[in-house]
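Tertiary structure, described
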Amino acid sequence: MTATSIPVPTGAARPATRPASRNPDAGTRGGTAVRFLVLLVVTALVLVPIMAVVGLSTQPALGSTANGFTLENFVNIFRQTDVLRWLRNSMSVTVVTVLVSVAVAAPAGYVLSRGRGKLVSGFSLVLFVIQSLPVVTAIIPLFILFAVLGLVDSLWGLMIIYVGSTMSVAIWMMAAYYDSIPVNLEEAAWMDGCSVFGGFIKVVLRNSLPGILSTAIFSFLLAWNDYLVALVFLRSSLNFTFPVGLQSFFQQNATNWGLVMAVAVMMMLPPVILFACLNKYFSVGGIGGSLAGQ
Amino acid sequence: MSTRTVEQDLGRARKGVGVAGPGRPGREAPRKPGASAFTLLAFAAPAIVLLVLLNLYPVLYAGYQSLRDGSLISSGDFVGAENYLKVLSSPEFWASARFTVIFTLVGVFGSWLVGLALALLLKTKVPGSTVFKVLLLLPWVVPVVVSATAWNWLVATPQSPLPILAEALGLGNVLFLADPTLAQITVCVFKVWISFPFMMMMMSAALASVDNNVYEAARVDGASRWKELTNITLPMISRSTYISWILMTIFCVNDFPTIFLLTGGGPVNATQSLVVMAYNTVFQNFNTGTGVAIAFIMTLVLIIISVALFRQIRKVQIL
């Protein structure tokens, strides 16, 4: 088996026509400076709410003796809220969702990418229709069903619903990535006596890291950020995930911004860190997916 | 089948990926005799089971419920189309439908314009453009519960920064979330703020696939910048544009937390979209049948709009 490793279609596969020389006159120092300033102002304006969260979290909370910059809110929230529990609940729900949805979507995406015929295109169409249905519609029957199964107010119930709601997009994302992997690589593996399953694992999946990471980031953001499902299904504060936890804490301490924002910072750190680290895969991997085939 | 390419494009689009270029080469089918329907079915089986249980079953059951007058705990009696008639004749439904349309139009085109403008700016040579790109994605990455809290701090009370700023500018006492029209505007601006990074990613990817030689030819012909944009850039990225519009329409119509967390649908239902209305009907008034009927009517319209836009894409594809 010779061809198990192909160049991963990322930056290298982008077209040679780079936007660098778009406008000869745009390269002048004045034009660049103006554009830089515009971007700087727009970015600063856009980030005001996020900077406010970070800034306020380091300001003394109500009843605090500190003045000026302080980190005491980050100590106090551990005593005054269940932030650790929310963190743990959200983490476990999110990690399970990511693992399961990638594991299920990876082989299903392969069918969408390599399969042909009416059944496969029907499958694809069903995925689209499912995606356009509002979550509110699905929640009601699931709530009734889960009440019977004892899955209301349970993190397991939440995980099951999140896996269901990531499914169609996750399958598309995996399929789109497989589309960029030439099928003759698998054929070579089959010639060497590999089974279809073996070829999928050894050839396709091995070369799909950017696709897998994109799907994982998508599932992570969905599960970590969801508010509606958690709001409907979670009853006891022991089971709260971060979004409902933060929201209920905010409703009880509406003007105590120091503490509220400290909790908010804790909540946004995981996705921001994840995105900062894997951003390269999310954007470039994705762009590569669409351009590599050309 | 032409819908198929569209759906793959959707898939790519979901990743914030460009779909503009001439397209990928035709799909190659595995030629191994053993790659049977059975194997493929085995690959898809876990996903199909999940989709049937968690997506298909709820929709069918919801359809059944929409014909009954049940609640979350009782299944009620069969009432036929009564729920639908009740919903369609209620002024609250039409007010919510109106706001949903406004919210969606502003959400789609507002975020598209901002996203496209930023993507065009970032395409040119600007120092630190990578840093800007990552920073500008933050509104999309930060959980909506967090950003809604931040916006609440920014606008909600008379002591918030923006009302104070407005007062200092001589605009008087501006209550952003207490005045119906202002609350509608605020919610829409909040949605654009959340959504423009997604559009920026899609448009950046689309712009990256436009061949620069075209511009050089245009410049030789003496085309102005504006002409360049409207006659070259926009037509070249029209496929991605349509796909991004479809996706954002779906996102906006189905959006719950953006509105619910900022205003809860108020004041006096001014910012109540259909999804929020469906939620309130089911979980606050315990009227399952009517709530589902609202969601179904909304979804039907949504699918009609999506199909119309898909047709448009197919036309573009022929060009």
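Here the structure is a predicted model, which means the values were calculated and not measured. (Residues numbered from 1 in each chain as written. Chains lettered and ligands numbered in written order. Predicted model: local features only at pLDDT ≥ 70, side-chain atom pairs only at ≥ 80, totals over all residues. Heavy atoms only, no water.)

1. Points about the overall build of chain B
- Along its length, chain B carries 14 helices and zero strands.
- Written out in order from the N terminus, the α and β elements of chain B read α-α-α-α-α-α-α-α-α-α-α-α-α-α.
- Residues counted as buried form 57% of the 319 residues belonging to chain B.
- About 13,400 Å² of surface is accessible on chain B, with carbon and sulfur atoms providing 69% of the total. (Helix = DSSP H or I, 4+ residues; strand = E, 2+ residues; numbered from the N terminus. Buried < 20%, exposed > 50% of the residue type's maximum accessible area, 1.4 Å probe, protein only. Areas by Shrake-Rupley, 256 points an atom, 1.4 Å probe, with all protein chains shown as cover.)

2. What about the packing of aromatic side chains?
- Counting across every chain of the model gives 32 aromatic pairs over all chains.
- Taken together, a centroid distance of 5.0 Å and an interplanar angle of 65° make the contact between F200 of chain A and F43 of chain B edge-to-face. One end of the pair, F200 of chain A, is in helix α9 (residues 196–204); the other, F43 of chain B, is in helix α2 (residues 37–65), on a second chain. The same class applies to F200 of chain A and to F43 of chain B, which are both buried.
- Here F220 of chain A and W224 of chain A contribute two aromatic rings whose centre-to-centre distance is 5.7 Å and whose plane-to-plane angle is 10°, an arrangement assigned as stacked. One end of the pair, F220 of chain A, and the other, W224 of chain A, are both in helix α10 (residues 209–225), four residues apart, so they sit about a helical turn from each other.
- An aromatic cluster is built from F143, F146, Y227 and F233 of chain A together with F256, F260, Y279 and F283 of chain B, whose rings are joined through pairwise contacts. (Phe/Tyr/Trp six-rings, centres within 6.5 Å; stacked < 30°, edge-to-face > 60°.)

3. Brief notes about the environment of I294 of chain B
Residue and element names in this part refer to chain B.
- As for its position among the elements, I294 is in helix α14 (residues 288–318).
- On the basis of relative accessibility, which here comes to 1%, the residue I294 falls in the buried class.
- Sequence-wise, I294 and W151 are 143 residues apart; in three dimensions their C-alpha atoms are separated by 29 Å.
- Among all residues touching I294, those that are not within four sequence positions of it are V87, F93, L274, M277, A278 and T281. (Contact = heavy atoms within 4.5 Å.)

4. Quick notes on the confidence of the model for chain B
Residue and element names in this part refer to chain B.
- On average, residues of chain B score 82 in pLDDT, and 87% of them are at 70 or above.
- Within chain B, no element has a lower average pLDDT than helix α1 (residues 2–14), which sits at 45, and none a higher one than helix α4 (residues 91–123), at 94.
- This stretch, residues 1–7, has a pLDDT under 50; its non-local contacts, to residues over four places away or in other chains, come to 16 contacts.
- Within the model, pLDDT remains below 50 along residues 9–28, and this stretch shows 75 contacts once partners closer than five positions in the same chain are excluded.
- Interface confidence in the predicted complex, given as ipTM, is 0.81; pTM for the same model is 0.83. (pLDDT = per-residue confidence, 0-100.)

5. Some thoughts on the environment of T137 of chain A
- Turning to its location among the elements, T137 of chain A is positioned in helix α6 (residues 135–149).
- Of the residues examined, T137 of chain A reaches a relative accessible area of 2% and is grouped as buried.
- Measuring from C-alpha to C-alpha, the distance between T137 of chain A and F218 of chain A comes to 22 Å, with 81 residues separating the pair along the chain.
- Ignoring sequence-local partners within four residues, the contact set of T137 of chain A consists of A62, V292, A295 and F296 of chain B.

6. Describing the nonpolar core
All names here are of chain A.
- In this structure, I171 and F233 are the most contacted members of the largest nonpolar core, which totals 185 residues.
- Broken down by element, the residue count for this core peaks at 16 residues, all from helix α7 (residues 155–179).
- The residues contacting F233, other than those within four sequence positions of it, are I139, L142, F143, F146, V152, D153, L158 and I161. (Core = buried A, V, L, I, M, F, W, Y, C linked by side-chain atoms within 4.5 Å.)

7. Comments concerning α9 of chain A
- Here α9 of chain A has its buried residues at V196, G198, G199, F200, V203 and V204 of chain A.
- Buried residues belonging to α9 of chain A abut α4 (83–114), α7 and α8 (183–191) of chain A together with α2 of chain B.

8. Topic: the state of the cysteines
All names here are of chain B.
- Going through the model one piece at a time under the given rule, you end up with zero disulfides over all chains.
- As a non-bridged cysteine, C188 has C252 as the owner of its nearest cysteine sulfur, 8.8 Å distant.
- Look at C188 and you get buried, because its relative accessible area is 6%. (Disulfide = S-S within 2.5 Å.)

9. Considerations on the packing of α8 of chain A against α9 of chain A
Residue and element names in this part refer to chain A.
- Two elements in contact, α8 and α9, have axes separated by 9 Å at closest approach and are oriented at 125°. Considering the angle they form, α8 stands oblique to α9. For the crossing formed where α8 meets α9, the hand is right-handed. Facing L185, E186, A189 and W190 of α8, the residues of α9 in contact are V196, G199, V203 and V204.
- Looking at side-chain class alone, the contact of α8 with α9 contains six nonpolar, one polar and one charged residues. (Axes fitted to C-alpha atoms, helices over the stretch in contact; angles between N-to-C directions. Parallel < 35°, antiparallel > 145°, perpendicular 65-115°, else oblique. Left-handed = near helix turned anticlockwise from the far one by under 90°. Nonpolar A, V, L, I, M, F, W, Y, C, P; charged D, E, K, R; others polar.)

10. Concerning the side chain of S273 of chain B
- Position of S273 of chain B relative to the elements: it lies in the loop between α12 (257–262) and α13 (274–283).
- Not counting residues up to four positions away in its chain, the partners in contact with S273 of chain B are S96, F99, T100, D255 and I259 of chain B.

11. Focus: the pattern of salt bridges
Residues and elements named next belong to chain A.
- As enumerated under the stated definition, the model contains two salt bridges over all chains in all.
- Put simply, E186 and R114 hold a salt bridge, and the shortest N to O gap is 2.7 Å. Of this pair, E186 sits in helix α8 while R114 is found in helix α4, placing the two residues 72 residues apart along the sequence.
- The class of E186 is buried, set by a relative accessible area of 0%. (Salt bridge = Lys/Arg side-chain N within 4 Å of Asp/Glu carboxyl O.)

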